[in-house]
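What follows is the residue order along each chain.
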Amino acid sequence: MTRMLYTVVAMNDKPNLPGEVDPRTKEFSLQAQWRVNHWAFAAIFLSVAGDLLVHFHDDANHWPVALRAIIALCPLLPALFYVRSLGRWLRGMDELDRQITLKVILFAVSATLYLDMALPPLREWGVIRSEEWLLNWRSWWLQALPLTGFYLLGTMIFNRRFK
Amino acid sequence: MNNQPNVPDELIMFDKQFSWRTAWNVCRWWLAAFVISAVFDLVLPDWKIHQPLRWRVTIVFAEFFAILLFVFDAVKFIRRMDELQRRITTAAFFFSVSASFFVFVLWLRLEREGFFNVVFGPPFSPFSTTTWGIASVAHACVLLGGFYGLGFLIFKRRYK
């Protein structure tokens, strides 16, 4: 009975650290990066692959729209899985780190959404050209760049505030 | 001095505690951004295109400046809440921004493939839009407001 009550299970009690996924910090670990972001990498890979597939087929414009919609929606499932793995990573943090990281992610997503809303007028004024096939601002994978940039910027801002 | 903490339910229209005054204080700039964008991007886009560049730039800057002012008001409103309400509201904001972003990108990607033109035909909006795209500030405001309400209901139930 006593043995049943005090069963020792090998358990990792260390909380997750936000610096694990930030290459600028000492805590950065490729293993943690992969554990948290592997679904994001999959979504980016599928998005780029879909863009390449459509671009390098001359008759892609004649493909059924359902097929092109499926290719466009391919990154959706890994993106949803990414949200789940991100949530799991956040839940494994201590209270302060979780608050900071949540604020950083909120900042990154809001700023990217803000940027996305600013793109149509910029396109209208000729500042950006949406005809660029791979660098089309409506691509999934291109969203990863401002998201990552604003995440790194947000980390700097909020870490300084909580110090 | 008013020491009472802010209550997020005052912003939810179908809640008993809804207050027009609080809603106006927090959301006036959100409403301003929505109205400017709705008028110039949805109702009068053809008129806007024929205006000189400086006018178009002014209109766009007005929309985006109004959003920035709304963010400051919202942050001020959240800071004056008690700990629990602040958590619920922050989670609802997080849900709202993430879901809007997701829908935004998904919609734009499908529009790029001509999905909406094939399924629904050419745009039949009375507002002379030439696209099914939802890339205006007015659309984003509606998405953000709708998802905020939904997120608030979800997280309020979770914390009960």
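Residues numbered from 1 in each chain as written. Chains lettered and ligands numbered in written order. Predicted model: local features only at pLDDT ≥ 70, side-chain atom pairs only at ≥ 80, totals over all residues.

When you go through chain A residue by residue, the secondary structure sums to 6 helices and 0 strands. Element order for chain A, N to C, with α for helix and β for strand: α-α-α-α-α-α. Looking at the 163 residues of chain A, the share that counts as buried comes to 24%. Across chain A, contacts joining residues at least 24 apart in sequence account for 67% of those joining residues at least 6 apart. (Helix = DSSP H or I, 4+ residues; strand = E, 2+ residues; numbered from the N terminus. Buried ≥ 20, exposed ≤ 12 C-beta atoms within 10 Å, placed from the backbone. Contact = placed C-beta atoms within 7 Å.)

Turning to the overall build of chain B, a few remarks are in order. When you go through chain B residue by residue, the secondary structure sums to 6 helices and 0 strands. Walking chain B from its N terminus toward its C terminus, one meets helices and strands in the order α-α-α-α-α-α. C-alpha atoms of chain B, sized along the principal axes, occupy 50 × 35 × 20 Å. Evaluated residue by residue, chain B yields a buried proportion of 27% over its 160 residues.

Residues and elements named next belong to chain B. For the pair helix 4 (residues 83-112) and helix 6 (residues 137-159), interaxial distance at closest approach is 7 Å and the crossing angle is 135°. It follows from the interaxial angle that helix 4 and helix 6 lie oblique. At the point where helix 4 passes helix 6, the crossing takes the right-handed sense. Note on element contacts: helix 6 touches helix 4 through A140, L143, L144, F147, Y148, G151, F152, F155, K156 and Y159, opposite L84, I88, A91, A92, F93, F95, S96, V97, A99, S100, V103 and F104. Grouping the amino acids of the contact of helix 4 with helix 6 by side-chain chemistry returns 18 nonpolar, 3 polar and 1 charged. (Axes fitted to C-alpha atoms, helices over the stretch in contact; angles between N-to-C directions. Parallel < 35°, antiparallel > 145°, perpendicular 65-115°, else oblique. Left-handed = near helix turned anticlockwise from the far one by under 90°. Nonpolar A, V, L, I, M, F, W, Y, C, P; charged D, E, K, R; others polar.)

Here we come to helix 1 (residues 20-43) of chain B. All names here are of chain B. In this model, helix 1 (24 residues) spans only 27 Å end to end at C-alpha, well below the 34 Å of a helix rising 1.5 Å per residue. C27 marks where helix 1 bends most, by close to 65°. Along helix 1, the residues that are buried comprise V26, W30, A33, F34, S37, F40 and D41. In this fold, the buried residues of helix 1 make contact with helix 2 (45-49), helix 3 (53-79) and helix 6. (Expected span 1.5 Å × (residues − 1). Bend = angle between axes of the 7 residues up to and from the residue.)

It is worth spelling out helix 6 of chain B at this point. Given a rise of 1.5 Å per residue, 23 residues ought to cover 33 Å, and the 32 Å separating the end C-alpha atoms of helix 6 of chain B matches this to within 8%. When helix 6 of chain B is considered as a whole, its buried residues turn out to be V137(B), A138(B), H139(B), A140(B), C141(B), L143(B), L144(B), F147(B), Y148(B), G151(B), F152(B) and F155(B).

With that settled, the discussion passes to the packing of helix 2 (residues 30-55) of chain A against helix 4 (residues 76-91) of chain A. Residues and elements named next belong to chain A. Helix 4 packs onto helix 2 with a crossing angle of 165° between their chain directions and a minimal axis gap of 7 Å. Put simply, helix 2 runs roughly antiparallel to helix 4. Relative to helix 4, helix 2 is oriented so that their crossing is left-handed. For the pair helix 2 and helix 4, the contacting residues are V36, W39, A40, A42, A43 and L46 in the first and P78, A79, F81, Y82, S85, L86 and W89 in the second. Tallied by class, the residues present in the contact of helix 2 with helix 4 amount to 12 nonpolar, 1 polar and no charged.

With 21 residues of chain A in contact, the opposing surface of chain B contributes 24 residues. Counting only elements with at least two residues in the side of chain A that touches chain B, the list comes to helix 3 (65-73) and helix 5 (95-124) of chain A. Among the elements that line the side of chain A that touches chain B, the one with the most residues is helix 5 of chain A, at 11 residues. Class assignment for the residues of the side of chain A that touches chain B results in 14 nonpolar, 4 polar and 3 charged.

A few words on the nonpolar core. By size, the foremost hydrophobic cluster in this structure holds 39 residues, and its most contacted members are A43(A), L113(A), A33(B), V137(B), A140(B), C141(B) and L144(B). Those elements giving two or more residues to this core turn out to be helix 2, helix 4, helix 5 and helix 6 (144-162) of chain A together with helix 1, helix 3, helix 4 and helix 6 of chain B. Top element by residues in this core is helix 6 of chain B. It accounts for 10 residues. Setting aside residues up to four positions removed in sequence, C141(B) forms contacts with W30(B), A33(B) and F34(B). (Core = buried A, V, L, I, M, F, W, Y, C linked by C-beta atoms within 7 Å.)

Another aspect to go through is the environment of L90(A). All names here are of chain A. Within the secondary structure, L90 is located in helix 4. Accessibility expressed as a C-beta count within 10 Å gives 16 for L90, which makes it partly exposed. Measuring from C-alpha to C-alpha, the distance between L90 and P18 comes to 8.6 Å, with 72 residues separating the pair along the chain. Ignoring any residue separated from it by four or fewer positions in sequence, one finds L90 in contact with R98, T101 and L102.

Glancing now at the confidence of the model for chain B. Averaged over all residues, the pLDDT of chain B equals 84, while 92% of them reach at least 70. Predicted complex, confidence summary: ipTM 0.81, pTM 0.82. (pLDDT = per-residue confidence, 0-100.)

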